[in-house]
Amino acid sequence: MSTPHNRQRPMCHALNGAPRSSSVVDDASPENSHTAPVNRGDQLFVPPLNFSMVDYGVYRCGFPDIPNFPFLKSLGLRSVIYLCTEPYPEANMHFLNSNGIRLFQFGMEGSKESFVNIPEGIFRSALQALLDERNRPLLIHCKRGKHRTGCLVGCFRKLQNWCLASIFDEYQRFAADKARVPDQRFIELFDISSVEHLPSSTPPYFKSRNR
């Protein structure tokens, strides 16, 4: 596949952690962030399964439950990108509505061949919502935060000019022994030129990376 002249060559990234945030999020590595509660005074903040920071104002995780709501509230979320086909639970909707958080649902079937027959239009729409700065801070999640979420983050990394080796390494860190070859194949073959016309509200630093 040829590389457009106006696009930088993909760069490999060392995945020894992620940028530190001013919120309660301190470590973006799945090994350290998806189970350990965070103490802040008298309140215990419990991150959802597979929680991590992806980029500034972008987080990922598995399906949040009621004990995770105080932690999520501390992030000051504007939006949630939900990648499952099932209706959002009533308790979760109440939490979003009570905190002025917008729900974007892009239903994708979850299976071992989850991305074989997926309409690419749905996936592009999810990626456009992720790129839109007006939706941030935002949280991406599916059921376990591994496959559907991993594919969306992987294609986001392609737009950030990460090399495939680094993208697959990140995917495998979260999927662990559940890593799927079809997911990684989908990321590899996904045509990022279909989203080259970035939203006008895309963060300026992101646009500068893709000139």
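Everything discussed here concerns the structure shown above.
Everything numeric in this text was worked out from a predicted model, so none of it was measured. (Residues numbered from 1 in each chain as written. Predicted model: local features only at pLDDT ≥ 70, side-chain atom pairs only at ≥ 80, totals over all residues. Heavy atoms only, no water.)

## Points about the overall build of the protein chain
Now for step 1: On a plain count of helices and strands, the protein chain comes out with eight helices and seven strands.
Now for step 2: Buried positions account for 49% of the 211 residues belonging to the protein chain.
Now for step 3: Considering only contacts in the protein chain between residues 6 or more positions apart, those separated by 24 or more positions represent 66%.
Now for step 4: Taken as a whole, the protein chain presents about 10700 Å² of accessible surface, with 51% of it coming from carbon and sulfur. (Helix = DSSP H or I, 4+ residues; strand = E, 2+ residues; numbered from the N terminus. Buried < 20%, exposed > 50% of the residue type's maximum accessible area, 1.4 Å probe, protein only. Contact = heavy atoms within 4.5 Å. Areas by Shrake-Rupley, 256 points an atom, 1.4 Å probe, with all protein chains shown as cover.)

## A look at the nonpolar core
Now for step 1: Of all hydrophobic cores here, the largest spans 50 residues; its most connected members are Ile-81, Leu-83, Leu-127, Leu-130, Ile-140 and Leu-152.
Now for step 2: Leave out the neighbours within four places in its chain, and Leu-152 touches Ile-81, Leu-83, Phe-123, Ala-126, Leu-127, Leu-130 and Ile-140. (Core = buried A, V, L, I, M, F, W, Y, C linked by side-chain atoms within 4.5 Å.)

## Let's talk about the side chain of Asn-68
Now for step 1: Mapped onto the fold, Asn-68 is located in the loop between strand S4 (58–61) and helix H2 (69–74).
Now for step 2: Engagement of the side chain of Asn-68 in a polar contact is seen with the backbone nitrogen of Asp-65, the distance being 2.7 Å.
Now for step 3: Asn-68 has contacts with Val-46, Pro-47, Pro-48 and Phe-63, leaving out every residue within four places of it along the chain. (Polar contact = N/O pair within 3.5 Å; in protein donor to acceptor, adjacent residues only side chain to side chain.)

## Examining the packing of helix H5 (residues 148–159) against helix H7 (residues 181–189)
Now for step 1: The contact between H5 and H7 brings their axes to 9 Å, and the two run at 30 degrees. By the angle class used here, H5 and H7 are roughly parallel. Helix-helix and strand crossings are classified by hand; for H5 and H7 the assignment is right-handed. Along its contact with H5, which presents Gly-150, Cys-151, Gly-154, Cys-155 and Lys-158, the element H7 presents Asp-183, Phe-186, Ile-187, Glu-188 and Leu-189.
Now for step 2: Of the residues contributing to the contact of H5 with H7, the split by class is five nonpolar, two polar and three charged. (Axes fitted to C-alpha atoms, helices over the stretch in contact; angles between N-to-C directions. Parallel < 35°, antiparallel > 145°, perpendicular 65-115°, else oblique. Left-handed = near helix turned anticlockwise from the far one by under 90°. Nonpolar A, V, L, I, M, F, W, Y, C, P; charged D, E, K, R; others polar.)

## Some words on the pattern of salt bridges
Now for step 1: For the coordinates displayed, the defined rule picks out five salt bridges.
Now for step 2: Linking Glu-120 and Arg-124 is a salt bridge whose minimum nitrogen-to-oxygen distance equals 3.1 Å. Of the two residues, Glu-120 and Arg-124 both sit in helix H4 (residues 120–131), four residues apart, roughly one turn of that helix.
Now for step 3: Note that Glu-170 and Arg-157 form a salt bridge whose closest N and O atoms lie 2.8 Å from each other. (Salt bridge = Lys/Arg side-chain N within 4 Å of Asp/Glu carboxyl O.)

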